[in-house]
Amino acid sequence: GAVVSQHPSWVICKSGTSVKIECRSLDFQATTMFWYRQFPKQSLMLMATSNEGSKATYEQGVEKDKFLINHASLTLSTLTVTSAHPEDSSFYICSARDYQVGSYEQYFGPGTRLTVT
Amino acid sequence: QKEVEQDPGPLSVPEGAIVSLNCTYSNSAFQYFMWYRQYSRKGPELLMYTYSSGNKEDGRFTAQVDKSSKYISLFIRDSQPSDSATYLCAILQGAQKLVFGQGTRLTINP
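Numbering of residues starts from 1 in each chain and follows the order in which that chain's sequence is written. Each chain is given a letter, starting from A, and each ligand a number, starting from 1, according to the order in which they appear as written. Predicted model: local features are reported for residues with pLDDT of at least 70 only, side-chain atom pairs are reported and counted for 80 or more only, and whole-chain, interface and lining totals are derived from all residues. The basis for the side-chain values is all heavy atoms of the structure; hydrogens and waters are excluded.

What to know about the interface of chain B and chain A
Formally: In what follows, residue pairs with any heavy atoms lying within 4.5 Å of each other are defined as contacts. A 1.4 Å probe defines the accessible area here, and the buried area is the portion of it lost by two parts on being joined, summed over both. In the sections that follow, a salt bridge refers to a side-chain nitrogen of Lys or Arg positioned within 4 Å of a carboxyl oxygen of Asp or Glu. In protein, a polar contact requires one atom able to donate a hydrogen and another able to accept it; more generally it is a pair of N or O atoms within 3.5 Å, and residues adjacent in sequence count only if both atoms are side-chain atoms. For the purposes of this entry, the term helix denotes a DSSP run of H or I that reaches at least four residues, the term strand denotes a run of E that reaches at least two, and both are numbered from the N terminus.
At the interface, 19 residues of chain B touch 22 residues of chain A. Between chain B and chain A the total buried area reaches about 1700 Å² when both faces are included, carbon and sulfur atoms providing 55% of it. Inspection of the region where chain B meets chain A yields 1 salt bridge. Among the ionic pairs, K97(B) bridges to E59(A), the shortest N-O distance being 2.6 Å. Linking chain B to chain A there are 5 residue pairs in polar contact (both at pLDDT 80 or more). Within the residue set of the side of chain B that touches chain A, elements represented by two or more residues are β4 (32–38), β9 (85–93) and β10 (97–100) of chain B. In terms of residue count, the dominant contributor to the side of chain B that touches chain A is β4(B) (4 residues).

Some thoughts on the sheet that holds strand β7 (residues 61–66) of chain B
Residues and elements named next belong to chain B. Our working rule: A pair of strands is considered paired only if DSSP assigns at least 2 bridges between the two. In this analysis, axes come from line fits to C-alpha atoms, helices being fitted only over the stretch in contact, and the angle between any two N-to-C directions falls in the range 0 to 180 degrees.
Read across the sheet, 5 strands follow the order β1-β3-β8-β7-β6 without closing on themselves; strand pairing throughout is antiparallel. Two strands lie at the open edges of the sheet, namely β1 (4–6) and β6 (54–58), each paired on one side alone. Direction aside, the axes of adjacent strands within the sheet are offset by 20° on average. Of the pairings in the sheet, the one linking strand β3 (residues 19–25) to strand β8 (residues 71–76) comprises 6 bridges and is antiparallel in character. By the bridge assignment for β8, C23 is matched with I72.

What about the packing of aromatic side chains?
Each aromatic ring pair is characterised by the separation of its centres together with the angle its planes make. Residues and elements named next belong to chain A. The test is simple: For this analysis, a ring pair means two rings from Phe, Tyr or Trp (six-membered ring only for Trp) whose centres lie within 6.5 Å, classed as stacked if their planes differ by under 30 degrees, edge-to-face if by over 60, and tilted for the remaining angles. Only protein chains enter the area calculation, which uses a 1.4 Å probe; residues under 20% of their type maximum are buried, those over 50% are exposed, and those in between are partly exposed.
Evaluated as defined, the whole model comprises 10 aromatic pairs over all chains. Measuring from centroid to centroid gives 5.5 Å for Y36 and F108, while their planes differ by 45°, and the two rings are tilted. Linking Y36 in strand β4 (residues 32–38) with F108 in strand β10 (residues 106–108), this pair joins segments that are 72 residues apart in sequence. By the burial criterion, Y36 is buried, and F108 matches it. Their ring planes at 40° and their centres at 6.4 Å tell us that F67 and Y92 sit as a pair that is tilted.

Note that all results are geometric; they support no functional claim without further evidence.
Below is the structure:
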């Protein structure tokens, strides 16, 4: 149980275009999902916390107009990178909490590798 | 000062060795500590978590927290080539925010 999927697993896009990444909790309801980015050989940095039915909370330094997050259902959150630039190329990982379990554990998706050319 | 500091390695040991991975943290108020394993190009998976001080053992893995020195450790006994991965420590800040260390890249040589 506690499986989180991401789609696509990798994407290449041209500079200036927008890219949408989906994060789904497959076998549990996730009232809260989290979006991270990870540069090569670096750690995961939290970008934003997404609560179902409300606006996302962004970490300091993360542009909310550039990284649009939507959490419209208990099993789906999306991250849209708008007007992507090469410096946005990174590994984007989502995670989700299963509040019914009552633990602090976050279940991570397999990640999406974004390359902007 | 970073909230969580971790030696990025890389660390290379022979199969069967005992591996010690360590992190330090800055805020004595932190109570929940996690270790994640991440294989290349994959998302992290939770190995163990501990609350407050003490040890926790799960098979070949032991997590240790020393709150007096703000030091957390993960020990791997009888290391296997399949243990080769990046290991990330993390602390829970507040109710739900995870703050990760940089990660230590570990290679177990057959």
